[in-house]
Amino acid sequence: MLVDAEYAALGVIGPGGDFLPAFHTVGVTEEQIAAIGPFPKGHGILGEVIRNPEPLRLEKISQHPASYGFPPHHPPMNSFLGVPIRVRGEVYGNLYLTEKRGGRQFDEEDESVLSTLAVAAGMTIDNARLYEESRLRERWLLANADITYSLMSGSEDAEPLELIAERAREILRSALAAVAIPMEAAESLTVEIAVGVDAEAHRGLVLPLASTLMGLAFSAAAPVTSDDVRWDERISPEPPRFRGLGPAVAVPIGTGEGGVRGVVLVAREAGAPVFSGEETEKLQGFAAQAAIAMELAGRRKEAERIAVLHDRDRIARDLHDLAVQRLFATGMTLQSASRLIDHPEAAERVLRAVDDLDETIKILRSAIFGLRARVSAVDTGLRARVVDVVGEKTPLLGLTPGVRIEGLVDTEVPTEIADHVVAVLSEVLTEVAHNAHLDRVLVALTTDGREVSLTVADNGVGTSPDGRRGGLRDIAERAERLGGHLDVSAPEGGGAVLRWRVPLPGRWESGHPPARGRRGPADRR
């Protein structure tokens, strides 16, 4: 209005030198904007003021060397005036005016007025950025406080990890967030938590360290970014899990010096801005603080565990030194006294009491041994054993199978059933390797506390759904002996899906009792 221009625009410059989505226009209708298409990215004449942040006046836009025309449906524009928006020497954006009314040209007075307006605009943008930064800082601090409180209050391990994923997704305006932690006995990560778009496709996945975003971030103890996960070679195509997503960043939880405790990955929708260096730095700081809280909580749990072990040692020592010795002495006294009893029945009762004391002493000594037993430090859990089997069969298959593990398989699946799961998986993968035209194998191990399910899916040629292939009968018999069953199906797209399911002890399904000769839950002692 002050310079009598038909059109005006304000563009805010992003970290990469292009315009952010905040590109404001005056004089162009909503219908025209929709017809023209996306806002400019900072090329042509508009980019000239970005590349050379000095006032620029033109009598005719088309005569400038940087001009390469307008997109279809764009209103005609000739005269032009652009000035940079500066604050404390930093260029925040640009103000543009075009088409001075009456066919006149912009003069020095117009330039002076627009430069003054640019100063005011710069102060407004600077204040808005400072306010947004303070809000973001506050949100990161609150998120760290939530995680620290959750860890220190003795919450389940999954709850703090879920908080890390949720807060990172919300603050960074992402569509997906996932947290993976390392497996002790295998060079792999397992995705424990995923929230957002296609979260179910991520949960339980086992990821190699050498060829995935999260694995590389864990190995290097440094952030790893992707401009578009849909075309990134570091993203395995199977199983599909990044549909509709674009920019992503994976950040280690912790540092190389203090030990990396996991990785958090966030991804935005396709077409959204890539993660800036500042955003990545903030996320890295958040993850480092979360790692410190996890370390402190881990130390506290370790101290509590040691205290429990000390209590067990003390109880075992007291039982041995006091209870067992006194029972032993009482038994010796009764045994000696039985020789002085003339009544045969009374003497027999005393001797039976001595035998009962001996049995009691054996029970106490067994309990003492149990109290003093130590859990092996070697991780022989089912999760690690499954990953090991997949790794062993990879050369035979000629490809790396996708692996998904969900549920508390290490704690809820007893050793006997875990041994069957490992044997079945090894047999199935060997059978699958004989198929022709095989280029995809997916392994899924899940438990809900009631049953354990092993699923192997492939797209090869040669799988017989009727279960007559060598080895399938043995696998089916294993399931039947445990009260479970085997299902083999052939999807429409080819290949086969094998699902081996058995109930867990104490969770027998109706119609699937324990095999004869095996002890049920009521027979345990």
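## Things to note about the packing of helix 9 (residues 382–397) against helix 11 (residues 415–432)
Okay, so step 1: Close contact between helix 9 and helix 11 brings their axes to 10 Å; oriented N to C, the two are set at 15 degrees. Taken together, the axes of helix 9 and helix 11 are roughly parallel relative to one another. As helix 9 packs across helix 11, the resulting crossing turns out to be right-handed. When helix 9 is examined against helix 11, the residues L382, R385, V386, V389, V390, K393, L396 and L397 are found in contact with a partner set consisting of A418, D419, V421, V422, L425, S426, L429, T430 and V432.

## Considerations on helix 2 (residues 44–51)
For the α-helix, the turn length of 3.6 residues means that residues three or four positions removed from each other point alike.
Okay, so step 1: Counting buried positions over the eight residues of helix 2 gives seven, a clear majority of the element.
Okay, so step 2: Among the residues of helix 2, those classed as buried are G44, I45, L46, G47, E48, V49 and I50.

## Notes on the pattern of salt bridges
Okay, so step 1: This model, assessed by the stated rule, comprises 17 salt bridges.
Okay, so step 2: D232 is the partner of R234 in a salt bridge, and the nearest nitrogen-oxygen pair spans 2.7 Å.
Okay, so step 3: Residue D419 is joined to R385 by a salt bridge in which the shortest nitrogen-to-oxygen separation is 2.9 Å. Of the two residues, D419 sits in helix 11 while R385 sits in helix 9, which places them 34 residues apart along the sequence.
Okay, so step 4: With relative accessibility at 37%, the residue D419 sits in the partly exposed group.

## Looking at a negative patch on the surface
Okay, so step 1: A contiguous patch of negative charge, built from E427, D474, E477 and E480, is present on the exposed surface.
Okay, so step 2: By residue number, the principal contributor to the negative patch is helix 12 (residues 472–481), which donates three residues.
Okay, so step 3: If you trace the backbone, D474 turns up in helix 12.

## Re the packing of helix 11 against helix 12
Okay, so step 1: One way to put it is that helix 11 packs onto helix 12 with a least axis distance of 10 Å and a crossing angle of 160 degrees. Between helix 11 and helix 12, the angle falls in the class roughly antiparallel. For helix 11 against helix 12, the interelement crossing comes out left-handed. Seen from helix 11, the contacting residues are H420, A423, V424, E427 and V428; seen from helix 12, they are I475, R478 and R481.
Okay, so step 2: A per-class count over the contact of helix 11 with helix 12 returns four nonpolar, one polar and three charged.

## Some thoughts on unusual backbone geometry
Okay, so step 1: Within the chain, R173 stands out as a residue other than glycine whose phi angle is a positive 50 degrees.
Okay, so step 2: Counting through the fold element by element, R173 comes out in the loop between helix 4 (158–171) and strand 6 (176–182).
Okay, so step 3: Looking at R173, the relative accessible area reads 58%, which means it is exposed.
Okay, so step 4: Positive phi is not limited to glycine here, since D198 has a value of about 50 degrees.
Okay, so step 5: With respect to the helices, strands and loops of the structure, D198 is situated in the loop between strand 7 (188–196) and helix 5 (199–202).
Okay, so step 6: Exposure remark for D198: the relative accessible area of 28% places this residue in the partly exposed category.

Parameters and conventions
- Residues numbered from 1 in each chain as written.
- Predicted model: local features only at pLDDT ≥ 70, side-chain atom pairs only at ≥ 80, totals over all residues.
- Heavy atoms only, no water.
- Axes fitted to C-alpha atoms, helices over the stretch in contact; angles between N-to-C directions.
- Helix = DSSP H or I, 4+ residues; strand = E, 2+ residues; numbered from the N terminus.
- Parallel < 35°, antiparallel > 145°, perpendicular 65-115°, else oblique.
- Left-handed = near helix turned anticlockwise from the far one by under 90°.
- Contact = heavy atoms within 4.5 Å.
- Buried < 20%, exposed > 50% of the residue type's maximum accessible area, 1.4 Å probe, protein only.
- Salt bridge = Lys/Arg side-chain N within 4 Å of Asp/Glu carboxyl O.
- Patch = residues over 30% accessible without salt bridge, like charges linked within 9 Å, V, L, I, M, F, W, Y side chains within 5 Å.
- Areas by Shrake-Rupley, 256 points an atom, 1.4 Å probe, with all protein chains shown as cover.
- Lys, Arg positive; Asp, Glu negative; His and termini not counted.
- Charge placed at Lys NZ, Arg CZ, Asp CG, Glu CD.
- Nonpolar A, V, L, I, M, F, W, Y, C, P; charged D, E, K, R; others polar.

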